[in-house]
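# Examining the three-dimensional arrangement
Each chain, written out:
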Number of protein chains: 2
Amino acid sequence: MGRVSNAKERLMEAVLELIWTGSYGNTTIDQICEKAGVKKGSFYYFFDCKADLAATAFETNWRVKRAELDSIFSAAVPPLERLQKYCQFSYQFQSDMKSKYGRVLGCPLFSLGSEVCTQEDKLRRKVQEMLAEKCKYLASAIRDAHASGVIHAPDAEVKARMILAYYEGLLTQARIQNDVTVLRETARGIFSMLGVKGKQAVAA
Amino acid sequence: MGRVSNAKERLMEAVLELIWTGSYGNTTIDQICEKAGVKKGSFYYFFDCKADLAATAFETNWRVKRAELDSIFSAAVPPLERLQKYCQFSYQFQSDMKSKYGRVLGCPLFSLGSEVCTQEDKLRRKVQEMLAEKCKYLASAIRDAHASGVIHAPDAEVKARMILAYYEGLLTQARIQNDVTVLRETARGIFSMLGVKGKQAVAA
DNA sequence: GAGATAGTTGACTATTTAGTCGAGTGAGCT
DNA sequence: AGCTCACTCGACTAAATAGTCAACTATCTC
């Protein structure tokens, strides 16, 4: 079996943090290696290039995120409450990041996607896949809400894409402004797009 | 007065195009100079660094955009119609860019802002200012619509920020997916956020 | 047409960066 | 014990990149 190590994992963690707190283009392989405490020779032992590492890192990280989403969007929870919970979770998460890094960091997927989509097609595809998956959680909650009669939304997929755009747009605004309060409106906006009355929203 | 030239303008055009079709971080000063047909010495005659050029270029470009917005959001046009027109204009514009560059490019302001906000504070501020201005056009249309009774929106600023987030989110999604059809929903989403009934929307 | 001014040029340096390679090293297997 | 394989290391090259500078040139004003 030979020697074992967690250098690969350290590299993936490092690149995620660097991209998230900075940007893809501004992150160099040397920086990644330094942050991970790994020499460049080892970097190229595990990965072909920066894009390869980033793709693997985002993919791996997505598994963790997916588990979180599975819990938040559990079918055991009433559908509108899932959305509410998701907004709360997101707000809390961004607040924590602001405490940790001094900055609101938004959605790494969206920022990365927007930055590299014209240059790194493999990364672009990965990001697109993950965003599509995110959308499915929303669509499923919307479908359930429609089925239970609390909203009228026969076009769940369309609504889900609308809501995702809004949600990601808000996160990006929060990142640019470095201000979490932008995210206060998240749930309100989502419910108004779904045509939920104020009382229902509070009750959810 | 000495020699005159448009090298400064050529540099600004070049950097806008390169950032837009690619990214800020991936754009080098050499590339900018080559595209503009300007030598590096001249670059540094006009600008201190890439960030300086980018800030100036976006600022200058914003004046053009502002004139377009002034026309689209003319007070002579019924408020909801302004929003509709804006969505149409945006769709057309992105389609044209796709024809020209083979890619949907989204909103350069938003992409740039998201990319550099943690690294280039001067640029970040500029972007934030321009986004805030954009928001004002929306807010004013919403206020007018509220005043004329076609919608109920006493909180025009809040609604405007929501709509901007949605709009920019959609543009970014279109960029990532390289697909203009994403933008088909733009007006529908905006009107549903404003609580406009279908008939009103069509009539607008 | 003489200056002054505004802009141009190319050659240069120093640094950063991506990527390579061959020799080494340590953990587990037999 | 010793072999093997997974991994590490550091020193290297080549290229890209930012930034500088002094000499040059075109145009405008008087």
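This text follows the structure it describes.
Residues numbered from 1 in each chain as written. Chains lettered and ligands numbered in written order. Predicted model: local features only at pLDDT ≥ 70, side-chain atom pairs only at ≥ 80, totals over all residues.

## A word on the overall build of chain A
Put simply, the rule is: Numbering of helices and strands runs from the N terminus; a helix is a DSSP stretch of H or I covering at least four residues, while a strand is a stretch of E covering at least two. Residues with at least 20 neighbouring C-beta atoms inside 10 Å of their own are called buried, those with 12 or fewer are called exposed, and the rest are partly exposed, where every C-beta is derived from the backbone. Two residues form a contact once the distance between their C-beta atoms, set from the backbone, is within 7 Å.
In terms of regular secondary structure, chain A is built from 10 helices and 0 strands. Summarising its shape, the C-alpha atoms of chain A cover approximately 60 × 35 × 30 Å along the three principal directions. Across the 204 residues of chain A, 44% fall into the buried class. Taking as baseline every contact in chain A between residues at least 6 positions apart, the subset at least 24 positions apart corresponds to 65%.

## Points about the nonpolar core
Operational definition: One nonpolar core equals one set of buried Ala, Val, Leu, Ile, Met, Phe, Trp, Tyr and Cys residues connected by C-beta atoms within 7 Å.
In terms of nonpolar packing, the biggest core is built from 121 residues, with Val15(A), Tyr166(A), Val15(B) and Tyr166(B) touching the most fellow members. The leading source of residues in this core is helix H8 (residues 156-177) of chain B, at 12 residues. The residues contacting Val15(B), other than those within four sequence positions of it, are Thr27(B), Ile32(B), Leu53(B), Ala54(B) and Ala57(B).

## Points about the protein's contact with DNA strand C
Quick reminder of the rule: Residue proximity rests on one test: whether the C-beta atom, placed from the backbone, lies within 6 Å of the molecule or strand.
For DNA strand C, the set of nearby residues contains 23 residues, the closest of which are Ile29(A), Gly41(A), Gly2(B), Ser5(B) and Gly41(B). The set of elements that each furnish at least two residues to the surface near DNA strand C consists of helix H2 (29-36) and helix H3 (40-46) of chain A together with helix H3 (40-46) of chain B. With 4 residues, the single largest contributor to the surface near DNA strand C is H3(B).

## Observations concerning the protein's contact with DNA strand D
The full set close to DNA strand D counts 23 residues, and Gly2(A), Ser5(A), Gly41(A), Ile29(B) and Gly41(B) are the nearest of them. Among the elements of the structure, H3 of chain A together with helix H2 (29-36) and H3 of chain B are those that each provide at least two residues to the surface near DNA strand D.

## Topic: the interface of chain B and chain A
Applied cut-off: Charged means Asp, Glu, Lys or Arg here, nonpolar means Ala, Val, Leu, Ile, Met, Phe, Trp, Tyr, Cys or Pro, and polar covers whatever is left, Gly included.
Each side of the interface is counted separately: chain B has 38 residues, and chain A has 36 residues. Where the side of chain B that touches chain A is concerned, the elements lending two or more residues are helix H6 (108-116), helix H7 (121-147), H8 and helix H9 (186-193) of chain B. A per-element tally of the side of chain B that touches chain A places H8(B) first, with 13 residues. Per-class residue counts for the side of chain B that touches chain A are 12 nonpolar, 19 polar and 7 charged.

## A look at the packing of helix H5 (residues 79-101) of chain B against H9(B)
Residues and elements named next belong to chain B. For clarity, the cut-off: As a rule, the C-alpha atoms of each element are fitted with a line to give its axis, helices using only the stretch in contact, and angles between N-to-C directions run from 0 to 180 degrees. Just so you know how the angles are binned, under 35 degrees is roughly parallel, over 145 roughly antiparallel, 65 to 115 roughly perpendicular, and the rest oblique. Crossings are sorted by hand: turned counterclockwise from the far helix by less than a right angle, the near helix makes the crossing left-handed, and turned clockwise it makes it right-handed.
Between H5 and H9, whose axes approach to 9 Å, the crossing angle comes to 150°. One finds that H5 runs roughly antiparallel with respect to H9. Like other packed secondary-structure pairs, H5 and H9 cross with a definite hand, here right-handed. The segment H5 lies against H9, with Leu83, Gln84, Cys87, Ser90 and Tyr91 engaging Thr186, Ala187 and Ile190.

## A few points about the relation of the copies chain B and chain A
Put simply, the rule reads: Here the copies were fitted onto each other by least squares, based on C-alpha atoms from residues at pLDDT of at least 70 in both.
Once turned by 180° and shifted 0.0 Å along the axis, chain B lies on chain A with an RMSD of 0.0 Å. Taken together, the rotation and translation relating the two chain copies correspond to the operation of a two-fold axis. Most of the interface of chain B is mirrored in chain A, where 95% of its interface residues are also at the interface.

## A few points about H6(B)
The buried fraction of H6(B) is high, at 9 of 9 residues. Considered for burial, the residues of H6(B) that qualify are Pro108(B), Leu109(B), Phe110(B), Ser111(B), Leu112(B), Gly113(B), Ser114(B), Glu115(B) and Val116(B). Tucked into the core, H6(B) has its buried residues touching helix H6 (108-116) and helix H8 (156-177) of chain A together with helix H1 (7-21), H7 and H8 of chain B.

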